[in-house]
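# Inside the fold
Letter by letter, the chains look like this.
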Amino acid sequence: MTSTLTVPVRVAGIMEHPVEDNYECENNMEDDDSEEFEDANDFTVELDVKDMTLHRALEEAKQAIFYFFNNQFTEAKQLMSPYATVSVYHALGHAIFLFLEAILTVEPAAIRSASKALKDALVVCNRFRKKNTIGESIGKMVKKNRYEQYTEMEAHAELCHAECLLLKSMLTFMEDETLSSFIKAGIKIRSCFNSYKECQQILFKRQWENEETKLHFESGVKMGIGTFNLMISLLPSRIIKLLEFIGFSGHKDQGLSELIEGYQLNGIRQILCIMTLLGYNLIVMHVLSHRDGDTVICQEMLNKQLKKHPDGVWFLFFQGRLEFMKGNLNESIKYYTRSWKSQDLWPQFHHVCFWELLWVHCLKCEWREALKYSTILSEKSKWSKCLYMYQKAVIMIMMKDDLTFEEQLERDNLMRDVPKYKQRIAGKSLPMEKFAIKKSERYFSQKKLLILPVLELMFMWNLLKIMKNFSIAGDIITLIEAAETEVDSNLKPSKYDHDNKCLVYLLKGACLRHMGAPHQAIHYFEKVIGFQKEIVEDHYLVPYAIVELALVEWEQGHKEKAYLALEDAKKNYTSYSCESRLHFRIHTALSELKVELKKTKH
């Protein structure tokens, strides 16, 4: 990186067409993705790159990260863009900012820009990756790779290449909603996984003279290997078996260990390790597991990051999420509100905070406040209009007599419109959208009636975990008990009587489990299971009740009983609403339970 380059550059200073490179990389899967781009506004400038060393590139990348997490998004982008054609870290940084914009906006133009930037970044990475001779390539085929021969630049180029491939594979799902796009994404992820494994070998087997560049490289390897292990470990066992067959593997404990070590290193990817750990512990674990994430390490990380970035949108959001998990709902509202008010460049991030605020106010039974946020989401967010409209309608159902006549008409119109906005990805509907559509149809078939529909959604999102905080549980239990009296009195007979009863029993049992009343919880779960032949439509209630029952038995120390119940729900029930969601939870529970059973036997 010690020459002067002439490159075409956009008027805004952002590279559009990279310098052509004749080097063909064996892992580059981008040849089939070529696109046409307008370049009428291009002009040629000279960039003096003789001083753009690896050290300088890393320093500027660190500065861009500081800008980014301090909400200085424009400054971060401007620092990375000019050298995006000539530096692997500038190319990667520039692409990451466009990738995040695409993820948040879901705008086709933003997705195309991000995709183009990632392809350009791959070209830059390939220019600096190690080029094997014919003899070396043959040696590599028989698993003989001389990792000690990698230069520092080649090692970092390999790591940046792996990161570009990972982001490109994720973007592929958004670019093209066809089965072929999923296959292409799978190929890219496989290439990415192999690149990370190569990087791990380089880390261990190369002699590093410069401890600083090694530190930055090591943090990236730990971030990549840790994230892969963690995410693969979450998948249902049948998918894991398939992935292991084609060379993937995932171990949760190893993944967490790598990420924690990456967080403890002061490397350039430390922040990515932190974001992954926060996302896993505060969101993934909350939705997919019966256990809570590690709130202690999350608080430790957030304390440090909020000192460095007191108004950082991401860390304020995660602090809000942590307060939410602790049951500190008012504190949660404070941090979510600070998060969305801290920046306006990406208004789409506001929607993430509005989603959280909606549920916080639902848990507080503040329906009018919840309605405010659900209205914004249904009108402005592009993630799932179908689900957002259903959420708004069911919040209005919970408001009952507090609705005006116009709002009652709006509620009914929302329910009618829910099916119109169904999305299809790779030819399949989204499970939660299918669930919402079924319920909107049920609303009219039950003469404009649904029983506790917001609490049903809370159960699906695993939000009833918060019931362990008794100050929150009171109002929710009161609602459930009123509904229980209503369904048990059977004043308005309907063919859905048992569906409605079983829903109320499942919700009450789940709340009682979290509130520490196991015997009462078991009573309600067994009532649901006992009525399974009478259920007309909501067949999901039975396997979900069986899993809840298994978790109570486990908490009571009856591990064999719990194991049998989980296996029963996994193997003997199929074709019900949100089946894959429950299978993720079953897999997480069985994985932990098997470890405990093994320890007991030894």
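The residue count restarts for each chain, going from 1 along the sequence in the order it is written. Residue-level local features of this predicted model are given only where pLDDT is at least 70; pairs of side-chain atoms are given and counted only at 80 or more, and the full residue set underlies all totals for whole chains, interfaces and linings. The basis for every side-chain value is the complete set of non-hydrogen atoms in the structure, without hydrogens or water.

The name given to the protein chain in an unreviewed UniProt entry is Tetratricopeptide repeat protein 39B, with Dendroctonus ponderosae as the source organism.

## Topic: the overall build of the protein chain
Of regular secondary structure, the protein chain possesses 26 helices and 4 strands. Considering only intrachain contacts with a sequence separation of at least 6, the fraction spanning at least 24 residues in the protein chain is 71%. About 27000 Å² of surface is accessible on the protein chain, with carbon and sulfur atoms providing 55% of the total. Helix numbering and strand numbering both begin at the N terminus, where a helix is a DSSP run of H or I of at least 4 residues and a strand a DSSP run of E of at least 2. By the convention used here, residues are in contact when the closest approach between their heavy atoms is within 4.5 Å. Per-residue accessibility takes into account occlusion by the displayed protein chains alone, with areas from the Shrake-Rupley method and a 1.4 Å probe.

## Comments concerning empty space enclosed by the protein
Only protein atoms enter the 1 Å grid used here, on which a cavity is any set of points holding a 1.4 Å probe that cannot leave and a pocket is any open set flanked by protein within 12 Å on both sides along at least five of seven lines; residues with an atom within 4 Å of a point are listed as lining. Grid points are joined across faces, edges and corners, and a volume is the space filled by probe spheres set on the points. Applying the stated rule across the entire model yields 4 cavities of 30 Å³ or more. One number sums up the size of the largest cavity: a volume of about 100 Å³. Along the walls of the largest cavity sit Ser 289, His 290, Phe 459, Asn 462, Arg 513, Tyr 544, Val 547, Glu 548, Leu 551, Leu 582, Arg 585 and Ala 589, which together make up its complete lining. Every element with two or more residues in the lining of the largest cavity is listed here: helix H24 (541-555) and helix H26 (579-601). In this structure, the second largest cavity occupies an estimated 50 Å³ of space.

## Thoughts on the confidence of the model for the protein chain
The predictor rates its confidence in each residue with pLDDT, a number between 0 and 100. The share of residues in the protein chain with pLDDT of 70 or more is 83%, and the mean pLDDT across the chain is 86. Confidence over residues 1-45 falls short of pLDDT 50; this stretch has 106 contacts with residues more than four positions distant or in other chains.

## Topic: the environment of Lys 364
Tracing the chain through its elements places Lys 364 in the loop between helix H15 (348-363) and helix H16 (367-380). Exposure is judged per residue with a 1.4 Å probe applied to protein chains only, and the accessible area is read against the type maximum: over 50% gives exposed, under 20% gives buried, and values in between give partly exposed. The exposure class of Lys 364 is partly exposed, given its relative accessible area of 22%. Taking the C-alpha atoms as reference points, Lys 364 and Ile 476, separated by 112 residues in sequence, lie 8.2 Å from one another.

## Let's talk about helix H13 (residues 313-326)
Multiplying 1.5 Å by the residue count of a helix minus one yields the expected span of that helix. With 14 residues, H13 extends 20 Å from end C-alpha to end C-alpha; this agrees with the ideal 20 Å at 1.5 Å per step. With respect to burial, H13 is a largely interior element, 13 of its 14 residues being buried. Following H13 by one or two positions, Gly 327 has its phi on the positive side, about 90°.

## Regarding helix H14 (residues 329-341)
When the terminal C-alpha atoms of H14 are compared, their 18 Å separation across 13 residues agrees well with the 18 Å that a helix rising 1.5 Å per residue should span. Burial in H14 covers these residues: Leu 329, Ser 332, Ile 333, Tyr 335, Tyr 336, Thr 337 and Ser 339. Each element contacted by the buried residues of H14 is listed here: H13, H15 and helix H21 (470-489).

## Quick look at the packing of helix H1 (residues 54-69) against helix H3 (residues 88-105)
Look at H1 against H3: their axes get within 9 Å of each other, and the N-to-C directions meet at 20°. Relative to H3, the element H1 lies roughly parallel. As for how H1 packs across H3, the hand of that crossing is right-handed. In this structure, H1 uses Leu 54, Ala 57, Leu 58, Glu 60, Ala 61, Ala 64 and Phe 68 to contact H3, whose residues at the interface are Tyr 89, His 90, Phe 97 and Leu 100. Amino acids are sorted into nonpolar (Ala, Val, Leu, Ile, Met, Phe, Trp, Tyr, Cys and Pro), charged (Asp, Glu, Lys and Arg) and polar (every other residue, Gly among them). The class makeup of the residues in the contact of H1 with H3 is 9 nonpolar, 1 polar and 1 charged. Every axis corresponds to a line fitted to the C-alpha atoms, with the helix fit spanning only the stretch in contact, and the corresponding angles, defined between N-to-C directions, vary from 0 to 180 degrees. Working definition: roughly parallel below 35 degrees, roughly antiparallel above 145 degrees, roughly perpendicular at 65 to 115 degrees, and oblique for all remaining angles. Two helices cross in a left-handed way if the nearer one is turned anticlockwise from the farther one by less than a right angle. They cross in a right-handed way if the turn is clockwise.

## Topic: the pattern of salt bridges
In what follows, salt bridge is the name for a side-chain nitrogen of Lys or Arg lying within 4 Å of a carboxyl oxygen of Asp or Glu. Scanning the entire structure with this criterion turns up 35 salt bridges. A salt bridge links Arg 338 to Asp 311, with the nearest nitrogen and oxygen atoms 3.7 Å apart. On the criterion of sequence distance, the pair formed by Arg 338 in helix H14 and Asp 311 in the loop between helix H12 (295-308) and H13 is long-range, its members being 27 residues apart. Residue class for Arg 338 comes out partly exposed when judged on its relative accessible area of 36%. Between Asp 417 and Lys 420 there is a salt bridge whose closest N-O contact spans 2.9 Å. For Asp 417, a relative accessible area of 21% translates into the label partly exposed.

## Some points on a positive patch on the surface
Patch membership requires more than 30% relative accessible area and the absence of a salt bridge. Residues of like charge join within 9 Å; the nonpolar side chains Val, Leu, Ile, Met, Phe, Trp and Tyr join within 5 Å. In this tally Asp and Glu are treated as negative and Lys and Arg as positive; neither His nor the chain ends contributes. In plain terms, the charge of a residue is placed at NZ if it is Lys, CZ if Arg, CG if Asp and CD if Glu. Taken together, the side chains of Lys 422, Arg 424, Lys 434 and Lys 438 define a basic patch exposed on the protein surface. Residue Lys 438 is classed as partly exposed on the basis of its relative accessible area of 42%.

## A look at unusual backbone geometry
Its identity is not glycine, yet Lys 448 carries a phi of approximately 60°, on the positive side. Even without being a glycine, Cys 578 presents a positive backbone phi close to 55°. Exposure remark for Cys 578: the relative accessible area of 4% places this residue in the buried category.

## Considering the side chain of Arg 411
Structurally, Arg 411 is set in helix H18 (residues 405-417). In contact with Arg 411, other than residues within four places in its own chain, are Ala 393, Met 396, Ile 397, Leu 403 and Tyr 443.

## Let's talk about the packing of helix H22 (residues 497-514) against H24
Direction vectors running N to C along H22 and H24 enclose 20°, while the axes themselves pass 11 Å from each other. What the angle tells us is that H22 and H24 run roughly parallel. In this structure, H22 crosses over H24, and the sense of that crossing is left-handed. Every residue of H24 that contacts H22 at Asp 499, Cys 502, Leu 503, Leu 506, Ala 510 and Arg 513 is listed here: Leu 541, Tyr 544, Ala 545, Glu 548, Leu 551, Val 552 and Glu 555. Considered class by class, the residues forming the contact of H22 with H24 number 9 nonpolar, no polar and 4 charged.

## Some remarks on the side chain of Glu 456
By the element assignment, Glu 456 lies in helix H20 (residues 453-460). With residues up to four places along the chain from it excluded, the contact list for Glu 456 reads Phe 435, Lys 439, Leu 503, Leu 507 and Tyr 540.

## Some details on the packing of aromatic side chains
The description of an aromatic ring pair rests on the distance of the ring centres and on the angle between the ring planes. Only Phe, Tyr and Trp rings take part, Trp by its six-membered ring, and two of them pair if their centres are within 6.5 Å. Stacked means planes under 30 degrees apart, edge-to-face means over 60, and tilted covers everything else. For the coordinates displayed, the defined rule picks out 26 aromatic pairs. Considering the side-chain rings of Tyr 505 and Tyr 524, the 5.9 Å spacing of their centres and the 45° angle between planes classify their relative orientation as tilted. Placement of the pair is Tyr 505 in helix H22 and Tyr 524 in helix H23 (residues 518-530), with a sequence separation of 19 residues. Here Tyr 505 falls in the buried class, since its relative accessible area comes to 3%. Arranged with centres 6.5 Å apart and planes meeting at 80°, the rings of Tyr 544 and Tyr 576 form a pair that is edge-to-face. Here Tyr 544, found in helix H24, pairs with Tyr 576, found in the loop between helix H25 (559-571) and H26; they are 32 residues apart in sequence, far enough to count as distant.

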